Amino acid sequence: MFLVLGGCHTTLKPAKENVKLSVQLGLNKGGITENTDMEVVALSTNTPATGVDAFSGATNTGFNAGLHANYPLGKNEIETGIDFMLNKQTFTYNDEAGGFAGRRKLNVSQIMVPLTYNFNLLKDALPSAEIQVKLGVAGQVNFVDATHDGHLPAYDVDRWSNGFTFGVSAYPFRFKNNHKLGIYLDGYRGTQIYEDYYNLPEYEVPGSSYMKFGLRYQFNQNSREK
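Since this is a predicted model, take the numbers as computed values, not measurements. (Residues numbered from 1 in each chain as written. Predicted model: local features only at pLDDT ≥ 70, side-chain atom pairs only at ≥ 80, totals over all residues. Heavy atoms only, no water.)

## Structural notes on the overall build of the protein chain
A tally of regular secondary structure across the protein chain gives 3 helices and 11 strands. Counting from the amino terminus, helix and strand elements in the protein chain follow one another as α-β-α-β-β-β-β-β-β-β-β-β-β-α. For the protein chain, the residues scored as buried account for 43% of the 226 residues in total. Look at the contacts in the protein chain between residues 6 or more apart in sequence, and 71% of them connect residues 24 or more apart. (Helix = DSSP H or I, 4+ residues; strand = E, 2+ residues; numbered from the N terminus. Buried < 20%, exposed > 50% of the residue type's maximum accessible area, 1.4 Å probe, protein only. Contact = heavy atoms within 4.5 Å.)

Structure below.
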């Protein structure tokens, strides 16, 4: 994170009072994206008896928190930071043909570093609201803790993943000290984290993805310097 922030600072050379720091906290849905097409499993393993419910997954709503910095770049901004996301997932195996039955429960923790280019919208009409649409990339470090019940296939977890991220944010509330309270909504689609008999790299669906939303609190840099 420090390398990313330092690189942006060196490249953009913004005035200190224009760097915007914010913290955010919210809920999320997603993490590991599992394969849902059992037809490709049947074809690749030559087991036509594989049922549509041979493998399924469910994800509970998790939470996320982050620290972000926005750097001015012309009329728009560069945003980076560090996020933490936690969720719980359950994979259910019910495959008589493959010989697997039971459940695998996963606690998925992810540390993420996004880097986005933010477009300012309605800057003249609503300058204080800072309505932005952002596009960019994100890297992830993944920590997966699994418990098992039944006869389940072997699995592997990729510690590193990355992908494309997009989102929107706005600050509709402004306080007397010029700090702001806002909202954010982010989406992501990236590379595969979890691999097993039903989630091979050659299948189209397996990967990582999420949607997260919540509240952001932006600090007024000028008030801190005073």
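## Description of helix α2 (residues 38-45)
For an α-helix, 3.6 residues make a turn, and residues three or four places apart therefore share a direction. Every buried residue of α2 is listed here: M38, V41 and A42. On an axial view of α2, the arc spanned by its buried residues comes to 95°, and they lie on one face. Opposite the buried face of α2, by more than 90 degrees, sit the exposed residues E39 and L43. On its buried face, α2 is in contact with β2 (55-59). Capping of α2 at its N-terminal end is provided by D37; its side-chain oxygen lies 3.1 Å from the backbone amide nitrogen of E39. (Arc of directions from axis to C-beta. Polar contact = N/O pair within 3.5 Å; in protein donor to acceptor, adjacent residues only side chain to side chain.)

## Considerations on the pattern of salt bridges
Going through the model one piece at a time under the given rule, you end up with 8 salt bridges. Taking the shortest distance from any N to any O, the salt bridge between E77 and K20 comes out at 2.6 Å. With a gap of 57 residues between them, E77 in strand β4 (residues 76-95) and K20 in strand β1 (residues 20-33) connect regions that are remote in the sequence. Accessibility expressed as a relative area gives 6% for E77, which makes it buried. Two residues, E130 and K20, come together in a salt bridge whose shortest N-O distance is 3.0 Å. Of this pair, E130 sits in the loop between β5 (100-121) and β6 (131-151) while K20 sits in strand β1; the two residues are 110 residues apart in sequence, bridging distant segments of the chain. A relative accessible area of 21% places K20 in the partly exposed class. (Salt bridge = Lys/Arg side-chain N within 4 Å of Asp/Glu carboxyl O.)

## A closer look at the environment of T92
Within the secondary structure layout, T92 lies in strand β4. We classify T92 as partly exposed; its relative accessible area is 26%. For the pair T92 and F55, spaced 37 residues apart in the sequence, the C-alpha separation amounts to 5.7 Å. Residue contacts for T92: discarding those within four places in its chain leaves A54, F55, S56, G102 and R103.

## Quick word on the pairing of β1
Pairing of β1 with strand β3 (residues 62-73) involves 9 bridges; the strand directions are antiparallel. Paired with L21 across the strands is A69, a residue of β3. (Pairing = 2+ DSSP bridges.)

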